[in-house]
Amino acid sequence: MARKIRLDQIDDVMSEAVSALVAATTLEWTERVILATPVDTGRLRANWQTSIKKFEGTVFNNVSYAEPVCFGVNLPPSWGKQYRTKQDTVAGFPALIGKELEIYARRQYEIIKRTL
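This structure is a prediction, so every number in the text was calculated from the model and none was measured. (Residues numbered from 1 in each chain as written. Predicted model: local features only at pLDDT ≥ 70, side-chain atom pairs only at ≥ 80, totals over all residues. Heavy atoms only, no water.)

Peer 1: I'd like a description of the overall build of the chain, backed by residues and values.
Peer 2: Looking only at helices and strands, the chain features 4 helices and 2 strands. Over its C-alpha atoms the chain spans a radius of gyration of 18 Å, topping by over 25% the 13 Å that the globule rule assigns to 116 residues. A separation of at least 24 residues holds for 53% of the contacts in the chain among residues at least 6 apart in sequence. Total accessible area computed for the chain in this model is approximately 8100 Å², and 55% of it derives from carbon and sulfur atoms. Within the chain, the 13 negative side-chain charges are centred at a point lying 2 Å from the centre of the 16 positive side-chain charges. (Helix = DSSP H or I, 4+ residues; strand = E, 2+ residues; numbered from the N terminus. Rg over C-alpha atoms; globule rule 2.2 N^0.38 Å. Contact = heavy atoms within 4.5 Å. Areas by Shrake-Rupley, 256 points an atom, 1.4 Å probe, with all protein chains shown as cover. Lys, Arg positive; Asp, Glu negative; His and termini not counted. Charge placed at Lys NZ, Arg CZ, Asp CG, Glu CD.)

Here it is as structure tokens:
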């Protein structure tokens, strides 16, 4: 059932809906990237952090070797200029998760629209 919203309420209602969508998508991304992170000692997987603001969500990891493991760049000399993980992880997996979440965010937005 559609909800009646006065014209002067549209901005507030949509602001709340988009803010909720940003939070939900950021938390979903965090969950997926944690599960996709290869494990050796578990430190990289355990150090994913999430920051959620009104219209901005950030997922990051400040472990020194996160960039080579997650994106295959700045590889350490010990890797012999070749990307590798013990679990054969795909380089760039956080970005691939982001692409998947575009579909997730669209679906969530449709759900939100139906409740308004």
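Next comes the rest of the write-up.
Peer 1: Go over the pattern of salt bridges, please, and point to the residues and values.
Peer 2: Considering all chains together, one arrives at 3 salt bridges under this definition. With a shortest N-O distance of 2.9 Å, Glu28 and Arg32 are connected by a salt bridge. Of the two residues, Glu28 and Arg32 both sit in helix H1 (residues 10-36), 4 residues apart, roughly one turn of that helix. We classify Arg32 as partly exposed; its relative accessible area is 26%. The shortest N-O distance in the salt bridge between Arg32 and Glu100 comes to 3.4 Å. With Arg32 in helix H1 and Glu100 in helix H4 (residues 93-115), this pair connects stretches of sequence that are 68 residues apart. (Salt bridge = Lys/Arg side-chain N within 4 Å of Asp/Glu carboxyl O. Buried < 20%, exposed > 50% of the residue type's maximum accessible area, 1.4 Å probe, protein only.)

Peer 1: Explain unusual backbone geometry to me, using residue names and the numbers behind them.
Peer 2: A negative phi holds for most residues other than glycine; trans holds for most peptide bonds. The backbone phi angle of Lys81 is positive, close to 60 degrees, even though this residue is not glycine. With respect to the helices and strands, the residue Lys81 is situated in the loop between helix H3 (66-71) and H4. Note on Lys81: relative accessible area 81%, which makes it exposed. Unlike most non-glycine residues, Asp88 shows phi in positive territory, near 55 degrees. Its place among the elements puts Asp88 in the loop between H3 and H4.

Peer 1: Lay out the side chain of Asn61 in plain terms, naming residues and giving numbers.
Peer 2: Turning to its location among the elements, Asn61 is positioned in strand S2 (residues 56-61). Side-chain polar atoms of Asn61 contact the backbone nitrogen of Val63, separated by 3.0 Å. Each residue touching Asn61, except ones within four places of it in the same chain, is listed here: Leu44, Asn47, Trp48 and Ala66. (Polar contact = N/O pair within 3.5 Å; in protein donor to acceptor, adjacent residues only side chain to side chain.)

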